[in-house]
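So you can see what is in the structure, the chains are spelled out below.
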Amino acid sequence: HAAVITYLDSKVGDVMKNLRQLGVDNETLVFFASDNGAHLEGGHSPAFFNSTGGLTGHKRSLYDGGTRSPTMARWPGHIPAGSTSDFAW
């Protein structure tokens, strides 16, 4: 899991670098979204990395931990850095 997060971080950095090199990073709405819920397969323990963020449930359950999907958005001048939203997608 940790190796995948490190790899993903590197690739998101590559995308952001390319947007900067093209001169469109401040004009581009960038979304980063994950799938819903932590899984239990393959010996994964949601508690180890706090994968559900304290929510009840896991992937394929109808509790918040199985239905919510973390999403981040970056759009300078439109979305303030560090802001949060309770908007239901």
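Residues numbered from 1 in each chain as written. Predicted model: local features only at pLDDT ≥ 70, side-chain atom pairs only at ≥ 80, totals over all residues. Heavy atoms only, no water.

> How do you make sense of helix α1 (residues 2-22) when you look at a structure like this?
Taking 1.5 Å of rise per residue, 21 residues should cover 30 Å, and α1 covers 31 Å from first to last C-alpha, within 8% of that figure. Just beyond α1, the residue with positive phi is glycine 23, at close to 75°. (Helix = DSSP H or I, 4+ residues; strand = E, 2+ residues; numbered from the N terminus. Expected span 1.5 Å × (residues − 1).)

> Just to check I follow, could you spell out the environment of proline 70 for this structure?
Checked against the element boundaries, proline 70 lands in the loop between α2 (64-67) and β2 (71-74). Judged by its relative accessible area of 52%, proline 70 is exposed. Each C-alpha atom, one on proline 70 and one on leucine 55, is 12 Å from the other, the two residues being 15 residues apart in sequence. Filtering out sequence-adjacent residues up to four positions away, proline 70 remains in contact with Phe32, Ala33, Ser34 and Asp35. (Buried < 20%, exposed > 50% of the residue type's maximum accessible area, 1.4 Å probe, protein only. Contact = heavy atoms within 4.5 Å.)

> Quick question: what am I supposed to make of the pattern of salt bridges here?
For side chains of opposite charge, pairing can occur when their charged atoms come near one another. Tallied over the entire structure, the rule returns three salt bridges. In this structure, aspartate 14 and lysine 11 form a salt bridge, with 3.4 Å as the shortest nitrogen-oxygen distance. Here aspartate 14 and its partner lysine 11 are both found in helix α1, three residues apart, which amounts to about one turn of the helix. The closest approach of N and O atoms between arginine 68 and aspartate 64, which form a salt bridge, is 3.4 Å. (Salt bridge = Lys/Arg side-chain N within 4 Å of Asp/Glu carboxyl O.)

> Please clarify how unusual backbone geometry should be interpreted in this entry.
Negative phi characterises most residues that are not glycine, and trans characterises most peptide bonds. Even without being glycine, arginine 60 reaches a positive phi, approximately 70°. Relative to the assigned elements, arginine 60 resides in the loop between β1 (30-33) and α2. By relative accessible area, which is 58% here, arginine 60 ends up exposed.

> Sorry if this is basic, but what is going on with the side chain of aspartate 25 here?
Along the polypeptide, aspartate 25 turns up in the loop between α1 and β1. The buried charged residue aspartate 25 lacks any salt bridge, with arginine 74 as its nearest oppositely charged partner at 4.1 Å. Contact partners of aspartate 25, with chain neighbours within four places excluded, come to Leu19, Arg20, Arg74 and Pro76. (Lys, Arg positive; Asp, Glu negative; His and termini not counted.)

> Explain the side chain of lysine 59 to me, please; I cannot follow it from the model alone.
Following the sequence through the fold, lysine 59 ends up in the loop between β1 and α2. Residue lysine 59 is classed as buried on the basis of its relative accessible area of 15%. Among all residues touching lysine 59, those that are not within four sequence positions of it are Asp35, Asn36, Gly37, Ala38, His39, Gly65 and Gly66.

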